[in-house]
Amino acid sequence: MAWVEKYVSVAGGGTHDGTSAANAWTLAEAIAAVAAGNRVNVIAGTYANTTTSMTFAVAGTAATPIWWRGYNTAI
């Protein structure tokens, strides 16, 4: 399958659309906006819990899963 790469960083960045490390989502933005078929690349960092609960907006499927993975300096 062809993944749609998305990026998350502690503070987000740029346009906050998740399309690159420079335009990364925050973790809360990612949870709200992730879509089936996304591979979400989460840069290492300390992510503060700013709410008591978060609900994922969507779930992947067998054909188009959502893959969350962490990385330090390079994917």
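Calculation notes
By convention here, each chain's residues receive numbers from 1 onward along its written sequence. Confidence filtering applies because this is a predicted model: local features only for residues at pLDDT of at least 70, side-chain atom pairs given and counted only at 80 or more, and all residues used for totals across whole chains, interfaces and linings. Note: side-chain values were computed over all heavy atoms of the structure, leaving out hydrogens and water. Salt bridge criterion: a side-chain nitrogen from Lys or Arg within 4 Å of a carboxyl oxygen from Asp or Glu. Strands here are runs of E lasting at least two residues and helices are runs of H or I lasting at least four, both read from the DSSP assignment and numbered beginning at the N terminus. Exposure categories follow from relative accessible area, calculated using a 1.4 Å probe and restricted to protein chains: below 20% of the type maximum is buried, above 50% is exposed, and the middle band is partly exposed. Two residues form a contact once any of their heavy atoms are found within 4.5 Å. When DSSP finds two or more bridges between a pair of strands, those strands are recorded as paired. Each axis is a line fitted through C-alpha atoms, and for a helix only the stretch in contact is used; angles between axes span 0 to 180 degrees, taken between their N-to-C directions.

### Observations regarding the pattern of salt bridges
1) Next: With the rule as written, the count across this model stands at two salt bridges.
2) Next: In this structure, Glu 5 engages Arg 69 in a salt bridge whose closest nitrogen and oxygen atoms are separated by 3.9 Å. Of this pair, Glu 5 sits in strand β1 (residues 4-8) while Arg 69 is found in strand β3 (residues 67-71), placing the two residues 64 residues apart along the sequence.
3) Next: Residue classification places Glu 5 among the partly exposed residues on the basis of a relative accessible area of 25%.
4) Next: A cluster of three or more residues bridged by salt bridges with shared partners is formed by Glu 5, Arg 39 and Arg 69.

### Section: the environment of Ile 43
1) Next: In this structure, Ile 43 sits in strand β2 (residues 38-43).
2) Next: In contact with Ile 43, other than residues within four places in its own chain, are Val 8, Ser 9, Val 10, Tyr 71 and Asn 72.

### Considerations on the sheet that holds β1
1) Next: Strand order in the open sheet formed by three strands is β1-β2-β3, and the pairing between neighbours is parallel. Among the strands making up the open sheet, the edge pair consists of β1 and β3. When strand polarity is set aside, the average angle formed by the axes of neighbouring strands in this sheet is 25°.
2) Next: Pairing geometry for β1 and β2, over five bridges, is parallel. Residue pairing for β2: Glu 5 is matched across the bridge by Arg 39.

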